[in-house]
Amino acid sequence: MNKQLLVLSVLTMLGVVGFIALADNIACHLLPTDVKTCQGTPRNDVITYISGFNTQATTIAGGAGNDRISIDFRLTKVLTMIDGEEDNDTIFDSSAANPLRGGPGNDRIFGNEGNDNIDGGPGNDLINGGVSSISGPNGQVSGGGGNDAFILKRGDAGGGTEKIMCTIDGRDRSVLRLVGFSKVDLSGQGLRRGALPPNTRIEIRDGTGKFEIDTGQGICLLAF
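All values reported here derive from a predicted model rather than from experimental measurement. (Residues numbered from 1 in each chain as written. Predicted model: local features only at pLDDT ≥ 70, side-chain atom pairs only at ≥ 80, totals over all residues. Heavy atoms only, no water.)

**Focus: the pairing of strand β5 (residues 68-71)**
- Of the two faces of β5, the one holding Ile69 and Ile71 is buried and the one holding Arg68 and Ser70 is not buried anywhere.
- Pairing of strand β3 (residues 44-49) with β5, which is carried by four bridges, proceeds in the parallel orientation. Looking at β5, one finds that Thr48 is bridged to Ser70.
- Inspection of the sheet shows β5 paired to strand β7 (residues 90-92) by three bridges, in the parallel sense. The residue bridging Ile69 from the neighbouring strand is Ile91, located in β7. (Buried < 20%, exposed > 50% of the residue type's maximum accessible area, 1.4 Å probe, protein only. Helix = DSSP H or I, 4+ residues; strand = E, 2+ residues; numbered from the N terminus. Pairing = 2+ DSSP bridges.)

**Quick look at the environment of Gly123**
- Within the secondary structure, Gly123 is located in the loop between β10 (117-119) and β11 (126-128).
- Residues Gly123 and Asn88 lie 35 residues apart in sequence; the distance between their C-alpha atoms is 8.8 Å.
- What Gly123 contacts, discounting residues up to four positions off in sequence, is Gly105, Asn106, Gly145, Gly146, Asn147 and Asp148. (Contact = heavy atoms within 4.5 Å.)

**A short note on the pairing of strand β14 (residues 161-165)**
- Across three bridges, the pairing between strand β12 (residues 140-142) and β14 is parallel. From the neighbouring strand, Ser142 faces β14, where its bridge partner is Met165.

**Observations concerning the pattern of salt bridges**
- Evaluation of the coordinates by the stated rule reveals seven salt bridges.
- Measuring nitrogen to oxygen at the nearest pair gives 3.1 Å for the salt bridge that ties Arg154 to Asp185. On the criterion of sequence distance, the pair formed by Arg154 in the loop between β13 (149-153) and β14 and Asp185 in helix α3 (residues 183-188) is long-range, its members being 31 residues apart.
- Owing to a relative accessible area of 43%, Arg154 belongs among the partly exposed residues under this scheme.
- Given a relative accessible area of 23%, Asp185 falls into the partly exposed group. (Salt bridge = Lys/Arg side-chain N within 4 Å of Asp/Glu carboxyl O.)

**Describing the side chain of Asn98**
- You can see Asn98 is positioned in the loop between β7 and β8 (99-101).
- Reaching out from Asn98, the side chain makes a polar contact with the side chain of Ser94 at a distance of 3.3 Å.
- Setting aside anything within four residues of it in sequence, one finds Asn98 in contact with Lys77, Val78, Leu79, Ile82, Asp93, Asp116 and Asn117. (Polar contact = N/O pair within 3.5 Å; in protein donor to acceptor, adjacent residues only side chain to side chain.)

**Comments concerning the packing of aromatic side chains**
- Taken as a whole, this structure holds two aromatic pairs when the rule is applied.
- Seen in terms of ring centroids, Phe92 and Phe110 are 4.9 Å apart; in terms of plane orientation they differ by 5 degrees. Their pairing is stacked. You can see Phe92 sitting in strand β7 and its partner Phe110 sitting in strand β9 (residues 108-110), a full 18 residues away along the chain.
- Of the residues examined, Phe92 reaches a relative accessible area of 24% and is grouped as partly exposed. (Phe/Tyr/Trp six-rings, centres within 6.5 Å; stacked < 30°, edge-to-face > 60°.)

**Observations concerning the state of the cysteines**
- By the definition in use, this model includes two disulfides.
- Two residues, Cys28 and Cys38, share a disulfide whose sulfurs are 2.1 Å apart. Negative torsions about the S-S bond denote left-handed disulfides, and the value of about -80 degrees found for Cys28 with Cys38 makes this one left-handed. Taken together, the positions of Cys28 in the loop between β1 (23-27) and β2 (37-39) and Cys38 in strand β2 put the pair 10 residues apart, joining distant regions of the chain.
- Judged by its relative accessible area of 0%, Cys28 is buried.
- Disulfide pairing places Cys166 opposite Cys220 at an S-S distance of 2.2 Å. Its S-S torsion of about 100 degrees marks the bond between Cys166 and Cys220 as right-handed, since a negative value means left-handed. (Disulfide = S-S within 2.5 Å.)

The structure is reproduced here in structure tokens:
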């Protein structure tokens, strides 16, 4: 057996070749101008959307499979929806204020800049909303049910209010992890590690902005 066949056989046994064969690269920015939806396949897709092209696509739908959706940070166009749909997806948003939805599965969502409306959907999600700077219907983050983890970085409230729904029902157990805050600052706000009271609204000051936490019916843990 030559070296190439040997490597192929080993990769096949490890399942690597199967993954490669089932992964599709989809460039939303190269779609015809009359196509409004960039649709993934039932496989594990790598979906990209790069700025500087004349595409009119405003909706991204990952479909089934463990997809990776990456929106160019420089893309300022506001999209109608970025939806990972089924399975365990990873979404990287642009600097625009886009609605992001993970769908069913254990998703990882990174909002970057922009006043995003994020819904992780059912499953155990990791959500980093990024910088938000608005009070009102945008800049809202929800895990969508399940045991979720929220990353709240100092400065991400952006001078406004970032609203976070920590849990949905009594079965949920989620974590709010504060990054970049000093213990002195947090203790001065009366915040302590551990479970927050259920069905309570709590504010965490972040410079001139704030995080507004709705703890929900489940267990909402504060960690720093």
